[in-house]
Amino acid sequence: LSSQLRHQLDVHLRQVSDLSNVQFDILASLMRADGQHRRMTDIADDVVLSRSGLTYQVGLLEEKGLVARAPSHDDERSTNVELTDEGRQQFLEVLPGHVDIVRSVIFDVISVDEAQSFGRTLGRLRERLRSLPPRSTQSRT
């Protein structure tokens, strides 16, 4: 299900923007954040991406003018990523199609009761996964 859904979302993103799924996920992570900025490490944990992978993707988003990087005021070792006005606008333009695909692939084919049960099950799974140590705290080999 995950692979098929990601494929459908990727096709949509290629049709309406020059964003990849990972880049869309990074913008979504920033949209959910207070002040629409986050530390690079927190974004990497949120989208489950390596630090080097995130650095590369954020660099591409920065070249497009969708995000801006700046040193953290709270922690001199950290870098913050902030959503630009253009990044917010592009995310909001792409989001309705994204939602429509999720709805048509998953929710249009199940009943309301099944959708509620599915939501409860996914919620429990999400909480379980969030209870595990974040990727950034695991040692690299």
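Here the residue numbers are simple positions, counted from 1 along each chain's written sequence. The predicted nature of this model means local features are confined to residues of pLDDT at least 70 and side-chain atom pairs, given and counted, to a pLDDT of 80 or more, with totals for whole chains, interfaces and linings taken over all residues. Remark: hydrogens and water are excluded; side-chain values derive from all non-hydrogen atoms of the structure.

### Examining the sheet that holds strand β3 (residues 79-83)
Put simply, the rule is: Any two strands are treated as partners once DSSP identifies two or more bridges connecting them. What counts as a helix is a DSSP run of H or I of at least four residues, what counts as a strand is a run of E of at least two, and both are numbered from the N terminus. Axis angles are defined between N-to-C directions and span 0 to 180 degrees, where every axis is a line fitted to C-alpha atoms and, for a helix, only to the segment in contact. Note on contacts: a residue pair is in contact if any heavy atoms of the two residues lie within 4.5 Å.
Reading across from one edge, β1-β3-β2 is the order of the three strands in this open sheet, with antiparallel pairing throughout. Edge positions in the open sheet fall to β1 (37-39) and β2 (67-71), since each of these has one partner strand only. The average angle at which neighbouring strand axes cross in this sheet is 25°, direction not considered. Strand direction decides the pairing type here: β1 and β3, joined by three bridges, are antiparallel. By the bridge assignment, His37 is partnered in β3 with Glu82. Lying on the sheet, helix α2 (residues 21-32) is in contact with β1, β2 and β3; it crosses β3 at an angle near 90°. Along the sheet face, helix α4 (residues 51-63) touches β2 and β3 and points at about 120° away from the line of β2.

### Points about the pattern of salt bridges
For side chains bearing opposite charge, pairing can occur when the charged atoms are close. This is how it is decided: What makes a salt bridge here is a side-chain nitrogen of Lys or Arg within 4 Å of a carboxyl oxygen of Asp or Glu, nothing more. Throughout this description, buried means an accessible area under 20% of the type-specific maximum (1.4 Å probe, protein chains only), exposed means over 50%, and partly exposed covers the range between.
Within the structure shown, the criterion is met by ten salt bridges. Between Arg14 and Asp10 there is a salt bridge, with the nearest N and O atoms lying 2.9 Å from each other. With Arg14 and Asp10 both in helix α1 (residues 2-16) and four residues apart, this pair spans about one turn of that helix. A salt bridge links Asp46 to Arg32; the shortest N-O distance between them is 2.7 Å. Of this pair, Asp46 sits in helix α3 (residues 40-47) while Arg32 is found in helix α2, placing the two residues 14 residues apart along the sequence. For Arg32, a relative accessible area of 58% translates into the label exposed. Residues joined in a network through salt bridges with shared partners are Arg32, Arg38 and Asp46.

### Notes on the environment of Arg88
Mapped onto the elements, Arg88 comes out in helix α5 (residues 85-105). Arg88 sits in the partly exposed class, given a relative accessible area of 24%. Between the alpha carbons of Arg88 and Ala28 there is a distance of 9.2 Å; along the sequence they are 60 residues apart. Once you skip the residues sitting within four places of it in the chain, Arg88 turns out to touch Met31, Gln36 and Leu83.

### Considerations on α4
The condition is simple: Expected helix span is taken as 1.5 Å per residue step, with the number of steps being one fewer than the number of residues.
The terminal C-alpha atoms of α4, which comprises 13 residues, lie 18 Å apart, in line with the 18 Å expected from a rise of 1.5 Å per residue. Buried within α4 are the following residues: Gly53, Leu54, Gln57, Val58, Gly59 and Leu61. Contacts made by the buried residues of α4 are with α2, α3, β2 and β3. Immediately downstream of α4, the backbone of Gly65 shows phi near 80°, a positive value.

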